[in-house]
Amino acid sequence: MSTTRTFDSVTWRIPNMDCAAEESEIRHALRDVAGVQRLAFRLGARELAVDALPGTLPGIEAALKTAGFPPTGMVGAAPAPDVAASSCGACCGSGCGSAAAVAVPVAAPPSAWQALTLAPGLGRTVLALVLALGAELLSAFGPESVQWLGMVLAVAAVALAGLSTYIKGFNALRRGRLNISALMTVAVTGAFLIGEWPEAAMVMALYALAEWLEARAVDRARGAIGGLLEMAPDTVEQRDAHGHWHPAKAADVPLGAVIRVKPGTRLALDGVVTAGRSAIDQSPVTGESLPVDKAEGDAVYAGTLNQTGVLEVRVTAGARDTQLARIIHAVEQAQSERAPTQAFIDRFAAVYTPAVFVLALAVALLGPWLAGWSWLTAIYKALVLLVIACPCALVIATPVTIVSALANAARRGVLVKGGVYLEDARRLKAVALDKTGTLTLGKPVLVAHELLLNEELPAPALSAAAALSSHSAHPVSQAIAQGLAAQGVAAGNVEHFVDQPGHGVEGVVGGQRLRLISQRAAEALGLGSALLTERLAAHQAQGRSVSLLVSDTAVLALFAVADTVKDHAPEAVRELHALGVQTVMLSGDHPAAAQAVAGAAGVAEAHGQLLPGDKLARIAELQARLGLTAMVGDGINDAPALAAADIGIAMGSAGTDIAMEAADVVVMNDDLRRLPGLIRLSRRTHGVLWQNIVLALGIKAAFLGLALAGLATMWMAVFADMGASLIVVANGLRMLRGGRA
């Protein structure tokens, strides 16, 4: 008999937590705390979700307070174990079980002392800067009798701007952790001890300002996608059991309910149109720039804009499960996946910070012996080095760029499920494309028809074909019926209609028994001929499926149906080739059909009659022959190849769960031109990442040299660090704009 282990689950708000360094500190602080089963970080919202053994949450909360990250409120139950998101780090939970959500109220507002230990807002920071400036002026120009006032102003500035940083740094030093807060704590403490209290105050105030500016910039990048949720209204017009319409909260609308959407308003929920026709702007979900016509039976999505007509919609997804919400969730998950460059920077920073401490210690201890400095001068230079060398700009350079690029892609209808795929796209050497639904529209279309008997009027044969095909549900018959209807051919009346699966359809039209059948069925009736074989071969060579209209004695007409190439497919293939990417088509269809579609789309290489296992083998061969390979398919039939490829890309997945799970990249609107767009975005992102790394290290190297030469003061060092951080953040935010779609 097995038992199910339950956990207490809660989500805390932690105002002091908003970057990867602080996430790392919290993980380290809770590493040995009893009861912790899983941690899930949402750095953008400054929330930490915890699964813990029953009764252990108070101890975990106490450990957070001791580490300098006091929770100020409980905001509800923890998300599901696979939900974790941040721009620079997220869930890596362990332990499984049935989580029991802890029903907790929001905590009371913090006391004055608790508020002082939290990260300062803009008001406190500005006041701290004014006090620090006053301390600087009193130190430079005030008489000796009022220097005590300057020291009081300096202490007040540090308390307002940096008490939270100071506490976090002190706790980190106590645990043997050398991080950014520890650097600032040592620098400020050292400056006070050697009598440089005005500079200590200015350092902490400028550092707080830099942190505030960086946080606002990062929030902008994180909010680029989260803001999409605001496009979905909170209320809807819902129809009740009596047929009356009344307002209701979107979150309370059950599945299957019918809502009404008027022109000029956005949809609050996903659903299927049950009445009405309208044009819908779907750009928030699919990235399409042009409105899409919707009628009865068509799917519509939350956040999209109804433009022209009134629609009645049957709800198919709750407010938390809409396609828009899933897009945002997918981007949040992507933010939790470390990009290669970001992982490299994190490893580099882990070595860099201790190395800076060692260098500063060497300057302080060896400067008087090797350079003849006084002890105070040597210690001051060492403290300046600590401030200059803060790795803030280096640490923030990658997540802001990656998040901005992910947001850029999502707003174009491309969901990239991790920074690793965003970076790897630039290195693609081959793209393997499925045929049906990827290069083609995925549904048969009547492309040609021929009359094979000399009739005075062709209309009777076409009318009979339209009549027979309109009575069949087979996709080929439906394509014939729709194609003839589009040409203005009226369907005749059918009597004694019979549908014979695998053979065709038959019935009496105009008093004559006629059949709409395949070539094989016609030959079985003895209606084959050399002329017919020649005509059929011409169509089959182009990958078309041919149906024959026959009487008891002759073949009257043939109808060629094909899955046509998407209008934008040739352009997309040309762009891929221009980017140096080889294209290959992998299809389960007949080789002739595969070659025909490949030729129409401009694909360089095509293979037909491939089973899922054969596609898998082809992917392995392409990887060995050409290098990094992407597979583009529907996310269902091509699942093995999608999984085996270096990057799996699902097309046309709006509304489907399987594609979201199977692929690394999801293109929401079927537009193949998003593939070269993704590669260009990847190359831009890579360039900006390395620009940021060079800028961050270059600025610091220059000011390190100035510091050692005695030309840089401590507050100038903070300006250098703040300037470098703001430059790389602004450069990273460029990824939110521009670039070809």
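Above this text you will find the structure in question.
Being a predicted model, the structure only gives us computed values, none of them experimental.

> Give me the lowdown on the sheet that holds strand β25 (residues 629-633), citing residues and values where you can.
Taken in spatial order, the seven strands make up an open sheet running β15-β27-β26-β25-β16-β23-β24, and their pairing is mixed. One side of each edge strand has no neighbouring strand; the edge strands of this open sheet are β15 (414-416) and β24 (605-607). Strand-to-strand, the axes of this sheet are offset by a mean angle of 20°, without reference to chain direction. As paired strands, strand β16 (residues 430-434) and strand β23 (residues 582-586) are joined by five bridges and run parallel to one another. Bridged to D434 within β23 is L586. Across the sheet, helix α20 (residues 591-601) is in contact with β23 and β24; its angle to β24 comes to roughly 155°.

> Any details on the pairing of β25? Residues and values, ideally.
In terms of residue burial, β25 counts as a mostly covered element, since five of its five residues are buried. A two-sided burial pattern is seen for β25, the buried positions comprising T629, M631 and G633 on one face and A630 and V632 on the other. The pairing of β16 with β25 spans four bridges and is parallel. Its bridge partner lying in β25, L433 is registered against V632.

> Tell me about the side chain of R515, and name the residues and values.
Here R515 lies in strand β20 (residues 512-517). R515 sits in the buried class, given a relative accessible area of 17%. Here D552 takes part through its side chain, which lies 3.2 Å from a polar atom of the side chain of R515. Setting aside residues no more than four positions away along its own chain, R515 makes contact with L468, V505, E506, L525, L548, L549, V550 and D552.

> Account for the sheet that holds strand β11 (residues 292-294), naming residues and giving values.
Read from one edge to the other, the open sheet built from three strands follows the order β11-β10-β13, with strand pairing classed as antiparallel. At either margin of the open sheet sits one strand with a lone partner, and together these are β11 and β13 (305-306). Bridge count between strand β10 (residues 278-281) and β13: two bridges; the pairing is antiparallel. Looking across to β13, one finds that D281 is bridged to L305.

What counts, and at which threshold
- By convention here, each chain's residues receive numbers from 1 onward along its written sequence.
- Note on the predicted model: pLDDT of at least 70 is required for a residue's local features to be given, and 80 or more for side-chain atom pairs to be given and counted; whole-chain, interface and lining totals, by contrast, use all residues.
- To get the side-chain values, take all heavy atoms of the structure and skip hydrogens and water.
- Strand pairing is assigned whenever DSSP detects at least two bridges linking the two strands.
- Numbering of helices and strands runs from the N terminus; a helix is a DSSP stretch of H or I covering at least four residues, while a strand is a stretch of E covering at least two.
- The axes are straight lines fitted to the C-alpha atoms, using for helices just the contacting stretch, and the angles between their N-to-C directions are given from 0 to 180°.
- Here, two residues are considered to be in contact whenever any of their heavy atoms come within 4.5 Å of each other.
- Only protein chains enter the area calculation, which uses a 1.4 Å probe; residues under 20% of their type maximum are buried, those over 50% are exposed, and those in between are partly exposed.
- Definition of a polar contact: a pair of N or O atoms within 3.5 Å, with one able to donate and the other able to accept a hydrogen when the atoms are protein atoms, and with sequence-neighbouring residues admitted only if both atoms are side-chain atoms.

The analysis is restricted to geometry; functional conclusions fall outside its scope.
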